[in-house]
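Descriptive structure summary
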Amino acid sequence: MLQPPGSPDAARDRAMPPVMRNWAGNITFNAARVHTPSSVERLREIVAGSGSVRALGSGHSFNTIADTHGDLVSVAGLPRIVEIDEAAATVTVSAGLRFAEFTGALHRAGLALHNLGSLPHISVAGACATGTHGSGAGNGTLASTVRAIELVTADGELLVLDRDDEDFAGAVLALGAAGIATRMTLDLVPAYDIRQWVYEGLPYERLRERFDEVLSAAYSVSLFTSWRTDRIEQLWLKQRVGDGDPAPDSRFGAVRADGPRHPVPGMDASTCTEQSGVPGPWHERLPHFRPEFTPSSGEELQSEYFVAREDGRAAFDALARIRERIAPVLQIGEIRTVAADGLWLSPAYGRDTVAFHFTWHPDTAAVTPVLDAIEEALAPFEVRPHWGKLFTMGPERVAALYERYADFEALTAKLDPRGVFRNDLLERYFPGGRG
Ligand SMILES: Cc1cc2nc3c(=O)[nH]c(=O)nc-3n(C[C@H](O)[C@H](O)[C@H](O)COP(=O)(O)OP(=O)(O)OC[C@H]3O[C@@H](n4cnc5c(N)ncnc54)[C@H](O)[C@@H]3O)c2cc1C
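Residues numbered from 1 in each chain as written. Predicted model: local features only at pLDDT ≥ 70, side-chain atom pairs only at ≥ 80, totals over all residues. Heavy atoms only, no water.

Right, let's get into the pattern of salt bridges. Across all of its chains, the model carries 23 salt bridges by this definition. A salt bridge links Asp167 to Lys414; its shortest N-O distance comes to 2.7 Å. Placement of the pair is Asp167 in the loop between strand S8 (158-162) and helix H5 (168-171) and Lys414 in helix H12 (residues 405-415), with a sequence separation of 247 residues. Assessed through its relative accessible area of 15%, Asp167 is described here as buried. A salt bridge links Asp230 to Arg323; the nearest nitrogen and oxygen atoms lie 2.9 Å apart. One end of the pair, Asp230, is in the loop between strand S12 (220-225) and strand S13 (231-240); the other, Arg323, is in helix H9 (residues 323-326), and 93 residues separate them in sequence. Through salt bridges with shared partners, a single network forms among Glu304, Glu334, Arg336 and Lys389. (Salt bridge = Lys/Arg side-chain N within 4 Å of Asp/Glu carboxyl O. Helix = DSSP H or I, 4+ residues; strand = E, 2+ residues; numbered from the N terminus. Buried < 20%, exposed > 50% of the residue type's maximum accessible area, 1.4 Å probe, protein only.)

As structure tokens, then:
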């Protein structure tokens, strides 16, 4: 749904029946009405006149987080804004923009975001609302770069929050519960180039011996494993040009690939961003997948779990012990790092983090018991689930994982006394957030 015109995704979306589904097709939205307002004024009227309304980004989440029984509102139709402030090193963008729609303009202006997720197809507001991240020991979530956010609140009024506001850290990564974001101001850094290298066959034992070193071996590091062998099948190193190139023939016992690779076994690498050390702009190397193609495998479900960096190796061992449960329903797993931030519901709140991602076969019934097994295996590490992906742990357990959970509930009750932004998922996980 709502994919860029002309892309294979767009063709797939147009072919879909007139029911609203998420990108993965595993969620059918219950919305009674769908709106794509073309002005902020119209959006404000819709919110003020609705009893139940949710914002929809590009629909790339795998659970019911964006769902509603009332009004579903896409902000993709709001006027396009890309305002670069070179002196302040910021860009203000309309919240419904996909990263692919403005990162090129930043680069041409000599500026950059510090990081991107594995795909540039997602909207800024949706990505920030769920704590979407890329990789890199020093790189925080995408939401951690938000400097200011403009929201339509429950009464249809406009509210602008910036980092000086005490509510800000609860309202940026807010699962859509604080209001509907219309524009966001993001921190920028000077533009940079990246070389992307893929190495194959990293032995688990070498990873275990040098876990932190491997995960810090480049600006952004991804380890892809099917959990089927004793090796990480692919080690992706995204290095800033000037940092440590040229690449040696082998790293940590893994051998440099002799051509481009797709992380999912058997898939065509031409949909991936350029590899083999060819230097290129940050926005064409940090995502794994090119914007003009369907990302990842396209027929999949996803989950991701976050532990503190110091627990990363023990968590890896715990997953390796149940890998015969994981492997049969898995297309590919990915291990990344995320730097700590202070956003109340962030997967990296207060702790440098290791993220264990799973791209599953699209079979919810087979995957669900495996999620239970993973959550049990990782329970000793206060594991947090990705808000936009599949998980099974219940509200009491989730609530205990975030120091500021009660503050978040109080914030949403304050900003949304009518409960207009609440949906079934929020009712279940944030019962204290009712106004
Ligand atoms: C192929 C694939 C690869 C992925 N790779 C990564 C990855 O590398 N890293 C990662 O962390 N995640 C990844 N994800 C997950 C994805 O980044 C998140 O699910 C993200 O939320 C998707 O953004 P969206 O715009 O599609 O949001 P949606 O799924 O449309 O919405 C998500 C949430 O954001 C809220 N929201 C949307 N717009 C607004 C708005 N204007 N104001 C307020 N709230 C809003 C919604 O209400 C909802 O609660 C991936 C997903 C897919 C399908």
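Don't stop here, the text continues.
In this section: the domain arrangement of the protein chain. Its domain assignment divides the protein chain into domain 1 (82-191) and domain 2 (193-392). Between the C-alpha centres of domain 1 and domain 2 there is a distance of 24 Å. Contact residues are listed per partner, giving 36 residues for domain 1 and 35 residues for domain 2. Across the interface of domain 1 and domain 2, roughly 2,900 Å² is buried in total on both sides, 65% from carbon and sulfur atoms. (Domains from an automatic or database assignment. Contact = heavy atoms within 4.5 Å. Buried area = accessible area lost by both parts, 1.4 Å probe.)

With that out of the way, let us pick up a negative patch on the surface. Residues Asp162, Asp164, Asp165 and Glu166 make up a contiguous surface patch of negative charge. Tracing the chain through its elements places Glu166 in the loop between S8 and H5. (Patch = residues over 30% accessible without salt bridge, like charges linked within 9 Å, V, L, I, M, F, W, Y side chains within 5 Å. Areas by Shrake-Rupley, 256 points an atom, 1.4 Å probe, with all protein chains shown as cover. Lys, Arg positive; Asp, Glu negative; His and termini not counted. Charge placed at Lys NZ, Arg CZ, Asp CG, Glu CD.)

UniProt's entry tags residues 27-191 with the feature "domain: FAD-binding PCMH-type" (unreviewed entry), counted in the numbering of this structure. Along residues 27-191 the backbone is 16% helical and 27% strand, and the end-to-end C-alpha distance reaches 38 Å. (UniProt positions renumbered as here; feature names shortened; annotations may be inferred.)

This part is about the site of the ligand. The environment of the ligand is formed by 37 residues, the closest being Ala55, Gly57, His60, Ser61 and Ser123. For the ligand, an oxygen atom lies 2.7 Å from a polar atom in the backbone of His60. At a separation of 2.7 Å, an oxygen atom of the ligand approaches a polar side-chain atom of Ser61. Bound to the protein, the ligand loses 98% of the 970 Å² it would expose on its own. (Near = heavy atom within 4 Å. Polar contact = N/O pair within 3.5 Å; in protein donor to acceptor, adjacent residues only side chain to side chain.)

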